[in-house]
Amino acid sequence: MPGILYVVATPIGNLEDMSYRAVRILTEVELIACEDTRQTRKLLEHYGIRTATVSYHEHNEARRTPELLDRLLGGASLALVSDAGMPLVSDPGFLLVRAAIEQGLRVVPIPGPSAAIAALAASGLPTEPFYFAGFLPAKPTPRRRVLEQLASLGCTLVFYEAPHRIRDTLADLEAVLAGRPVVLARELTKMHEEFLRGTASSIRAELEARGTVKGEMTLLIGPPAGAPQSPPDVASIRERVRELERAGLTRMEAIKAVARAEGLPKREVYRIVESR
Ligand code: SAM
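This structure is a prediction, so every number in the text was calculated from the model and none was measured.

**Q** Hey, could you run me through the overall build of the protein chain in this one?
**A** Counting secondary structure elements, the protein chain contains eleven helices and ten strands. Taken along its principal axes, the extent of the C-alpha atoms in the protein chain is 60 × 60 × 35 Å. Every one of the 276 residues in the protein chain was classed for burial, and the buried ones make up 41%. Across the protein chain, every contact between residues at least 6 apart in sequence was considered, and the portion connecting residues at least 24 apart equals 68%. For the protein chain, the computed accessible surface area is about 14800 Å², with 53% contributed by carbon and sulfur atoms. On the protein chain, the mean spot of the 35 positive side-chain charges and the mean spot of the 34 negative ones are 3 Å from each other.

**Q** Help me understand the site of the ligand, please; the structure alone is not making it clear to me.
**A** Taken together, 19 residues sit near the ligand, with Val 89, Asp 91, Ser 114, Ala 115 and Met 217 positioned nearest. Between Glu 216 and the ligand, the recorded distance is 3.5 Å, taken from a side-chain N or O atom to a nitrogen atom. With the chains in place, 90% of the 580 Å² that the ligand exposes on its own is no longer accessible. Of the residues in the shell around the ligand, the class split is ten nonpolar, four polar and five charged. A domain split of the shell around the ligand shows at least three residues from each of domain 1 (4-113) and domain 2 (116-221).

**Q** I keep staring at the pattern of salt bridges and nothing clicks. Help me out?
**A** Charged atoms that come close allow side chains of opposite charge to pair. One pass over the structure, following the stated rule, counts 19 salt bridges. Salt bridges here are not isolated pairs; linked through shared partners, they connect Arg 186, Glu 194, Glu 206 and Arg 210.

**Q** Looking at this structure, I do not really get the pairing of strand β8 (residues 182-186). What am I missing?
**A** Two faces make up the sheet, and in a regular strand the side chains alternate between them. Here β8 lies mainly inside the structure; five of its five residues are buried. Neither face of β8 is open: one carries Val 182, Leu 184 and Arg 186, the other Val 183 and Ala 185, and all of them are buried. With five bridges connecting them, β8 and strand β9 (residues 194-198) associate as antiparallel partners. Within β9, the position partnered with Val 182 by the bridge is Gly 198. Two strands pair when backbone bridges link them, and β8 and strand β10 (residues 217-221) are joined in this way by five bridges, in the antiparallel orientation. Each residue of the ladder has a partner; that of Val 182, found in β10, is Ile 221.

**Q** What is the right way to read the sheet that holds strand β3 (residues 52-55) from this model?
**A** Across a sheet, paired strands are connected by hydrogen bonds in the backbone, their directions being either parallel or antiparallel. Pairing is parallel in the open sheet, where five strands are placed in the order β3-β2-β4-β1-β5. The open sheet has two free edges, formed respectively by β3 and β5 (106-110), since each of these has just one partner strand. Mean inter-strand twist for the sheet, computed between neighbouring axes without regard to direction, equals 25°. Bridge count for strand β1 (residues 4-8) against β5 is five bridges, and the pairing is parallel. Opposite Tyr 6, over in β5, you have Val 108 as the bridge partner. Running over the sheet, helix α1 (residues 20-28) touches β1, β2 (31-34), β4 (78-81) and β5 and is turned about 135° from β5.

**Q** What should I look at first to understand the nonpolar core in this one?
**A** Among soluble globular proteins, nonpolar side chains are generally buried collectively. If you look at the biggest cluster of nonpolar residues, it comprises 20 residues, and the most contacted ones within it are Leu 170, Leu 173 and Leu 219. Of all elements in the fold, only α6 (140-151), β7 (156-161), α7 (166-176), β8, α8 (200-210) and β10 reach the threshold of two or more residues within this core. Those residues in contact with Leu 173 that lie beyond four places of it in its chain are Leu 147, Ala 178, Val 182, Ala 200, Leu 219 and Ile 221. With 19 residues, the next largest nonpolar core counts Val 7, Leu 69, Leu 80 and Met 86 among its residues.

**Q** Which parts of the structure should I look at to understand the domain arrangement of the protein chain?
**A** By a widely used convention, the size of an interface equals the accessible area lost when the partners come together. Segmentation of the protein chain into domains returns domain 1 (4-113), domain 2 (116-221) and domain 3 (234-274). A straight line from the C-alpha centre of domain 2 to that of domain 3 covers 37 Å.

**Q** Just checking my understanding: could you explain the environment of Ile 255 for this structure?
**A** Within the secondary structure, Ile 255 sits in helix α10 (residues 251-262). Among the residues examined, Ile 255 registers a relative accessible area of 0% and is labelled buried. Ile 255 sits 252 residues away from Gly 3 along the chain, and the two C-alpha atoms are 44 Å apart.

**Q** It is not clear to me how the side chain of Thr 65 should be interpreted in this structure. Could you clarify?
**A** Tracing the backbone through its elements, the reader meets Thr 65 in helix α3 (residues 61-73). Thr 65 sits in the buried class, given a relative accessible area of 7%. For Thr 65, the contacting residues outside a window of four places in its chain are Tyr 56, Leu 95, Leu 96 and Ala 99.

**Q** Looking at this structure, I do not really get the pairing of β3. What am I missing?
**A** Sheet topology note: the β2/β3 ladder contains four bridges and is parallel. Each residue of the ladder has a partner; that of Leu 31, found in β3, is Ala 52. In this fold, the crossover linking β2 to β3 by way of helix α2 (residues 37-46) has right-handed handedness.

So, how was this worked out
Note on numbering: residues in each chain are counted from 1, in written sequence order. Local features in this predicted model are restricted to residues whose pLDDT is 70 or higher, and side-chain atom pairs enter the listing and the counts only when it is 80 or higher, whereas totals over whole chains, interfaces and linings include all residues. Side-chain figures throughout are based on the complete set of non-hydrogen atoms in the structure, without hydrogens or water. The way it works is that DSSP assigns letters per residue, a run of H or I at least four long becomes a helix, a run of E at least two long becomes a strand, and they are numbered from the N terminus. Exposed residues in this analysis have more than 50% of their type's maximum accessible area, buried residues have under 20%, and partly exposed residues fall in between, with area computed by a 1.4 Å probe over protein chains only. Contacts are assigned to residue pairs that have any heavy atoms within 4.5 Å of one another. With residues, only the protein chains shown are counted as cover, and all accessible areas are computed by Shrake-Rupley using a 1.4 Å probe. Note that His is not counted, nor are the chain ends; the positive residues are Lys and Arg, and the negative ones are Asp and Glu. The atom standing in for a charge is NZ when the residue is Lys, CZ when it is Arg, CG when it is Asp and CD when it is Glu. Throughout, the term near means that a residue has one or more heavy atoms lying within 4 Å of the molecule or strand in question. Any pair of nitrogen or oxygen atoms within 3.5 Å is treated as a polar contact; in protein, a donor-acceptor pairing is required on top of that, and neighbouring residues in sequence qualify only through side-chain atoms on both sides. Charged means Asp, Glu, Lys or Arg here, nonpolar means Ala, Val, Leu, Ile, Met, Phe, Trp, Tyr, Cys or Pro, and polar covers whatever is left, Gly included. Delimitation of the domains relies on an automatic or database domain assignment. Just to be clear on terms, a salt bridge is a Lys or Arg side-chain nitrogen sitting within 4 Å of an Asp or Glu carboxyl oxygen. In this analysis, strands are considered paired if DSSP registers two or more bridges between them. Structural elements are reduced to axes, namely lines fitted to C-alpha atoms, with helices fitted over the stretch in contact, and the angle between N-to-C directions of any two is expressed from 0 to 180 degrees. Buried residues of nine kinds, namely Ala, Val, Leu, Ile, Met, Phe, Trp, Tyr and Cys, make up a nonpolar core once their side-chain atoms join them within 4.5 Å. With the strands aimed away from the viewer, a crossover counts as right-handed if its path from the first strand over the helix to the second runs clockwise.

So, in structure tokens, the structure goes:
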């Protein structure tokens, strides 16, 4: 029987965020493919895990993918980890996951910390919809172009950013997305975790006043005030209410359930259902 590819999340700064299941899987697999074996070794040592490791990073993933596929097809179960957080989220792993799926292999996520989701959940900004854009381009012109394109989305935007670029990025935000609420989530899960909430200019002023800016950071931009929400999909709302009625719910119970799932007021779903 072929092996299973486990995609395992690891802590983003606080070792206590490692799940019991992640520890068990890393202990049980034959091999762990790591973005940086030395970095992962520290984690494995902390948990007394002795599993063999192999490097899997952006410079060798094309070469390494067929080797790992052979191991999986030969019956070995493998784990994929990155330096921190969820692999594939601005981290290597996509080639291997896609190739494993193409071969009909099982790919099993072992969920856990990811900076984007942790930052979003505690940001206080609307969480649905949100758009995760990873890292912005390092050069000013393409960076502004990307921000201009994203501005029209009108939803919460989530980026990863490096400390040496944060002030320039905030300056671009002032120019392109002026007035929108901004949250800078820094050093999440670590001793000096903090959330700076304000606008691009107020946060930039705060960082200027501090002089040096250090640490890992995730940047979030809220939707513009009064941004139109995407209109509800009337046909699908009616169909889901009908389905729940067929399943035995009363119309009002079905309306309530669909309203809750859609984040819509009950009276709005009622209006949609009754106006057919
Ligand atoms: N795969 C990881 C995840 O799921 O969060 C992200 C990897 S990406 C290469 C690393 C970037 O994530 C950092 O440069 C920073 O922008 C963000 N990040 C990672 N750890 C963080 C933390 N503890 N606090 C805030 N942002 C963090």
